[in-house]
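Structure assessment
As a plain string of letters, each chain reads:
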Amino acid sequence: MLEHIRFDAQGLSLLDQRVLPTVVEWVDCTNATDTANAIRDMVVRGAPAIGITAAYGMVLALRSGEDLQRAAQILLESRPTAVNLRWGVERMLATPTEQWETEARAIHDDDIAINKRMGEFGADALNGATNLYHHCNTGTLATGGWGTALGIARSAALRGPTHVWVGETRPYLQGARLTAYELLEDGIDCTLVADSVAGSLMARGVVDAVIVGCDRVAANGDVANKIGTLQLAILAKHYGIPVYVGMPTSTLDRECPTGAEIPIEERDASEVLGHKGVVWAANVPVHNPAFDVTPADLITGWVTEHGVWQVPFPEMATGNAPR
Ligand code: MRU
């Protein structure tokens, strides 16, 4: 499995996801400020991966003698939508500092195990479906390893023929750059499409299920995920195609009643005006929300590490409860 978060006595090293797949480069962090900058600048991204990174960031804060409350604050402010960030930081703050390093490593290792369990439950739910449509990147690079929605595709591919339509995911191209890279590395059959192709694929009957991840799920099941998820779910409903959300319970925010209360990150206009120095539009106002909210009634199942959930969610302890 691709390694992208390394932690040792020297510090934290993150595989730079801004330049993958054409350049393989690592960014080093030695304190919480570096770590928060890396999260904000998308060196590392994906809800579980930033939760894990923030936990390691707290260990770096302790090692480098930073003020721990301030370190927690800057990490929490680095990206607003993914609740895993809060979950990672709060889990550290609930742990005695002598155990922080062990705890951060446990958060990382647990996430891989959780994803593998989700993969099995998700593959059961797919029940042999062959053609999956995936949005954004929810794989190893977005998690501790294996992935949530992409982990489901990985587990399904171990059971039988699986083909993934890879939505490119404008404007930041997580699908084209990162998901395609992961699937090719694993030898899983995939085809890259522009986001605008999704409807025509569904109309042609070549999509059996849509699989997506999530950045925050409200208590009523509304799902904040990468911008474009909502329109995919609406299309899927029109064509009678199931939509599964890979949801580790660390991404469920029981304190947030509905999707309307989820903060949505607005990102820089430059992401829409061009890419990597090439500018194709200028002097035009831009709206660049990083996420949208898909209402619970458009979702077929929330695939968790405990099984495939429906709303109302079971009242069991979740990843949000500090251990
Ligand atoms: O802006 P990003 O790349 O951090 O957005 C990532 C997503 O929207 C993913 O679908 C989500 O974090 C789930 S990753 C397992």
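Residues numbered from 1 in each chain as written. Predicted model: local features only at pLDDT ≥ 70, side-chain atom pairs only at ≥ 80, totals over all residues. Heavy atoms only, no water.

Describing the sheet that holds strand β4 (residues 131-134)
Using the following cut-off: The pairing criterion is simple: DSSP has to find at least two bridges between the two strands. Strands here mean DSSP runs of E at least two residues long; helices mean DSSP runs of H or I at least four residues long; both are numbered from the N terminus. Convention adopted: a line fitted to C-alpha atoms gives each axis, helices being fitted over their contacting stretch, and angles between N-to-C directions are expressed from 0 to 180 degrees.
An order of β6-β5-β4-β7-β10-β15-β16 is seen for the 7 strands of this open sheet, with the pairing classed as mixed. Both edges of this open sheet fall to β6 (189-193) and β16 (307-309), since each of them pairs with a single strand only. Adjacent strand axes in the sheet meet at a mean angle of 25 degrees, parallel and antiparallel pairs treated alike. When strand β5 (residues 163-167) meets β6, the two strands line up parallel, connected through 5 bridges. Bridging from a neighbouring strand, Gly-167 pairs with Val-193 of β6.

With respect to the sheet that holds strand β1 (residues 5-8)
Selection rule: By definition, residues are in contact when any of their heavy atoms lie within 4.5 Å.
In spatial order, the strands read β1-β2-β3; together these 3 strands make up an open sheet with antiparallel pairing. Looking along the sheet, the strands with just one partner apiece sit at the ends: β1 and β3 (26-29). Adjacent strand axes in the sheet meet at a mean angle of 20 degrees, parallel and antiparallel pairs treated alike. Both strand β2 (residues 11-15) and β3 contribute to a ladder of 4 bridges, which runs antiparallel. Each bridged residue has a counterpart across the sheet, and for Leu-15 the counterpart in β3 is Trp-26. Against the sheet, helix α1 (residues 32-40) makes contact with β2 and β3, and its axis sits at roughly 145 degrees relative to β3, the strand it touches most.

Quick word on the site of the ligand
In plain terms, the rule: Proximity is defined per residue: if any heavy atom of the residue lies within 4 Å of a molecule or strand, that residue is considered near it. We call two N or O atoms a polar contact when they sit within 3.5 Å, provided that within protein one can donate a hydrogen and the other can accept it, with sequence-adjacent residues counted only if both atoms are side-chain atoms. For every accessible area listed, the method is Shrake-Rupley and the probe measures 1.4 Å; residues are considered covered only by the protein chains on display. Charged means Asp, Glu, Lys or Arg here, nonpolar means Ala, Val, Leu, Ile, Met, Phe, Trp, Tyr, Cys or Pro, and polar covers whatever is left, Gly included. Domain extents, as shown, originate in an automatic or database domain assignment.
The full set close to the ligand counts 18 residues, and Arg-45, Arg-79, Asp-215, Asn-225 and Lys-226 are the nearest of them. Separating an oxygen atom of the ligand from a side-chain N or O atom of Arg-45 is a distance of 2.8 Å. Residue Arg-79 places a side-chain N or O atom 2.7 Å away from an oxygen atom belonging to the ligand. When the free accessible area of the ligand is taken as 410 Å², the share hidden by the protein chains comes to 99%. If you list the elements that add at least two residues to the shell around the ligand, you get α2 (47-63) and β9 (223-226). Grouping the constituent residues of the shell around the ligand by class yields 7 nonpolar, 7 polar and 4 charged. Of the domains in this structure, domain 1 (5-109) and domain 2 (116-309) are the two that each give at least three residues to the shell around the ligand.

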